[in-house]
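Take a look at the letters that make up each chain.
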Amino acid sequence: MSINPFEQNPCSTDLMFMDWDELYPKSYNKNDTDAFTKTRIILMNGTEFEANGFSHQFARHCPNNDVRRELAMTRRQEQQQQKKLSHLKPINENLLEHTISYEQLAVDLTAILAQREPNPYVKMALDFALLEDFDHLYRYADLLEMEHGVRAEKLVGCYTEIMPARPTIAEHRCPRDAVNRFTGKNAALITKLNTNIITAAEQQTMNYYMNVGAFYTSPLGRKLYQEIAMIEEQHVSEYESLIDPTQTWFENLLMHEYVEAYLYYSCYEDECDPYIRHIWEQFFMMEVGHLHRAAQLLERYEHKHWQQVIPGGAFPELLKFHPNKEYVRDVIRNTVWLTKDREDYTPVCDLPADADFFTYQGEVNPTPEMVPSHQVICQYIRCRGMDYRFEVAPNPIVELRNRRCDNTEVGRNPDCRG
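Keep in mind that what you see is a predicted model, and the values were worked out from it rather than measured.

**Q** Could you clarify how one ought to interpret the packing of aromatic side chains in this entry?
**A** Counted by the stated rule, this structure contains 27 aromatic pairs. Here the aromatic rings of Phe58 and Phe250 are separated by 5.1 Å at their centres, their planes lie at 85°, and the arrangement is edge-to-face. Here Phe58, found in helix H2 (residues 35-60), pairs with Phe250, found in helix H9 (residues 249-270); they are 192 residues apart in sequence, far enough to count as distant. With respect to burial, Phe58 and Phe250 carry one shared label: buried. Aromatic pair Tyr264 and Phe283: ring centres 5.6 Å apart, planes at 85°, arrangement edge-to-face. Separated by 19 residues along the polypeptide, Tyr264 in helix H9 and Phe283 in helix H10 (residues 274-302) bring together distant segments of the chain. For the pair shown, Tyr264 and Phe283 are each scored as buried. Grouping aromatic residues by their ring pairs yields a cluster made of Phe6, Tyr258, Tyr262, Tyr265, Tyr268, Phe284, Trp306 and Phe315. Lying across the ring of Tyr268, Arg277 places its NZ or CZ 4.0 Å from the centre.

See the structure below:
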């Protein structure tokens, strides 16, 4: 049954602060907790980071202190939400184990959003980057097994395959090619949700890698985090450019709160852990209060009703996590040879010789041997004889089936065609 958060009775936003005992949660068990519970926690952590960053930027561009006080109240409450979510992570889960959950989120969330996306261009953007996060999962998983002896298929609950896709070396593109066409005010509500959700999720991954990479305990791992963090920045640029840039600050505030309410309710409906499900319910009710307050600010300062920004208001289909193995395989099969050429998605073999892609590749990847993502797999193969994978069938791309040699040509070399 559809639910409309604008028709819910909101709690007073002055009565939503948590004391220290309530703020510090019981951490999940890294060995027993469902993999999709961990991805939901990371997703909502990233959603709160995005809300916090937007709120601060709004305050820095707003001369009205009454508005800034309203933003500060909501922001502090959402900061508490973020702190509680981030501390659900247990102490004994190391950086790389946690990273596997980040990449599983990137893979399965993107696949789920792409399958429900009505805009063909937005769907293409999702499918295109999906393959890259899928390849990141493979690189991190090999490093995890090589350095810690932990097999990542256990961490992902066997929901998600682990194998190469578009090689990470082929993902380094000129920044000019990281900008997409934006959607407009008349985009479908599900498109607005999808673009905002994926931007926040990828931004969280980017921020995580930016901050934790230097804390990793081996030079090879530090280099891998550094490289993949650069790809995540690229993904954020690609995804954020899809969002309608003509929204006003107050319209954007309303959309941020709506996205949060939608996601918390989706998590509540989807969650299998009773303790964490209660958190989703609590935070959903908090977001209903924030959403109603944002609607009041929109009406007071721009004389617009929330229906002008979110017609109807009822949630569309909720976000439910599930395995996407066959869909990901189809995307690999159909798009692994593509790259970006400004706003377009183009087979690398169709690019002119002077394309920015090749110039940039020559600058950052002068030889494959120096690229960390390639080094990880080569070192694993030297140690074990073949790479680590979790596959239910052979890779759909013939060139990516060789487990004794890491391919650096697919999606990068115009003479290597499927």
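Back to the text.
**Q** I would appreciate a short explanation of the packing of helix H4 (residues 95-116) against helix H7 (residues 189-212) in the present structure.
**A** The description of two packed helices rests on the angle between their axes and on the distance between the axes. The contact between H4 and H7 brings their axes to 11 Å, and the two run at 165°. Judged on the interaxial angle alone, H7 and H4 are roughly antiparallel. Note that H4 runs across H7; the crossing there is left-handed. Across the interface between the two elements, Leu95, His98, Thr99, Tyr102, Glu103, Ala106, Leu109, Thr110, Leu113 and Arg116 from H4 touch Ile190, Leu193, Asn194, Ile197, Ile198, Ala201, Glu202, Gln204, Thr205, Tyr208, Tyr209 and Val212 from H7. Grouping the constituent residues of the contact of H4 with H7 by class yields 13 nonpolar, six polar and three charged.

**Q** How should I be thinking about empty space enclosed by the protein in this particular structure?
**A** It is the rolling of a water-molecule-sized probe over the atoms that shows where space remains empty. This structure, assessed with the given rule, holds three cavities of 30 Å³ or more. Considering only enclosed or pocket space, the largest cavity measures out at about 90 Å³ in volume. Taken together, 13 residues line the largest cavity, and the ones lying closest to its centre are Glu50, Asn196, Ala200, His256 and Val259. Breaking the lining of the largest cavity down by element, the ones donating at least two residues are H2, H7 and H9.

**Q** Is there a simple way to think about the environment of Ala114 in this case?
**A** Inspection of the secondary structure assignment puts Ala114 in helix H4. Here Ala114 falls in the buried class, since its relative accessible area comes to 0%. Considered as a pair, Ala114 and Leu126 are twelve residues apart in the sequence and their alpha carbons are 5.8 Å apart. Here Ala114 is in contact with Lys123, Leu126, Asp127 and Tyr327, once residues within four sequence places are set aside.

**Q** In this structure, what is going on with the environment of Ser241? I would like to understand it.
**A** In this fold, Ser241 is placed in the loop between helix H8 (219-240) and H9. Among the residues examined, Ser241 registers a relative accessible area of 16% and is labelled buried. Each C-alpha atom of the pair Ser241 and Asp32 lies 38 Å from the other, and the pair is 209 residues apart in sequence. Polar side-chain contacts of Ser241 include one of 3.1 Å to the backbone oxygen of Ser237.

**Q** So what exactly am I meant to see when it comes to the pattern of salt bridges here?
**A** Two side chains of opposite charge can pair, provided their charged atoms sit close to one another. With the rule as written, the count across this model stands at 27 salt bridges. Note that Asp127 is salt-bridged to Lys123, the shortest N-O span being 2.8 Å. In this pair, Asp127 and Lys123 both sit in helix H5 (residues 120-148), four residues apart, roughly one turn of the helix. Residue Glu409 pairs with Arg412 through a salt bridge whose shortest N-O separation is 3.9 Å. In this structure Arg412 comes out as buried when scored by relative accessible area, which is 14%.

**Q** What's the story with the nonpolar core in this structure? I'm lost.
**A** Side chains of a nonpolar character, in soluble globular proteins, are inclined to be buried together. If you look at the biggest cluster of nonpolar residues, it comprises 115 residues, and the most contacted ones within it are Leu43, Leu109 and Leu254. Ignoring anything within four residues of it in the chain, the contact list for Leu254 reads Phe6, Leu291, Ala294, Ala295, Leu298, Trp306, Val309 and Ile310.

**Q** What's the story with the side chain of Thr339 in this structure? I'm lost.
**A** Considering the arrangement of structural elements, one finds Thr339 in strand E1 (residues 338-341). Those residues in contact with Thr339, other than ones at most four positions away along the chain, are Phe128, Arg173, Asp344, Tyr345, Thr346, Val348, Leu351 and Phe357.

Reading guide: rules and limits
- Residues numbered from 1 in each chain as written.
- Predicted model: local features only at pLDDT ≥ 70, side-chain atom pairs only at ≥ 80, totals over all residues.
- Heavy atoms only, no water.
- Phe/Tyr/Trp six-rings, centres within 6.5 Å; stacked < 30°, edge-to-face > 60°.
- Helix = DSSP H or I, 4+ residues; strand = E, 2+ residues; numbered from the N terminus.
- Buried < 20%, exposed > 50% of the residue type's maximum accessible area, 1.4 Å probe, protein only.
- Lys NZ or Arg CZ within 6 Å of the ring centre and 35° of its normal.
- Axes fitted to C-alpha atoms, helices over the stretch in contact; angles between N-to-C directions.
- Parallel < 35°, antiparallel > 145°, perpendicular 65-115°, else oblique.
- Left-handed = near helix turned anticlockwise from the far one by under 90°.
- Contact = heavy atoms within 4.5 Å.
- Nonpolar A, V, L, I, M, F, W, Y, C, P; charged D, E, K, R; others polar.
- 1 Å grid on protein atoms, 1.4 Å probe; cavity = no way out; pocket = protein on both sides within 12 Å on 5 of 7 lines; lining within 4 Å.
- Points joined across faces, edges and corners; volume = space filled by probe spheres on them.
- Polar contact = N/O pair within 3.5 Å; in protein donor to acceptor, adjacent residues only side chain to side chain.
- Salt bridge = Lys/Arg side-chain N within 4 Å of Asp/Glu carboxyl O.
- Core = buried A, V, L, I, M, F, W, Y, C linked by side-chain atoms within 4.5 Å.

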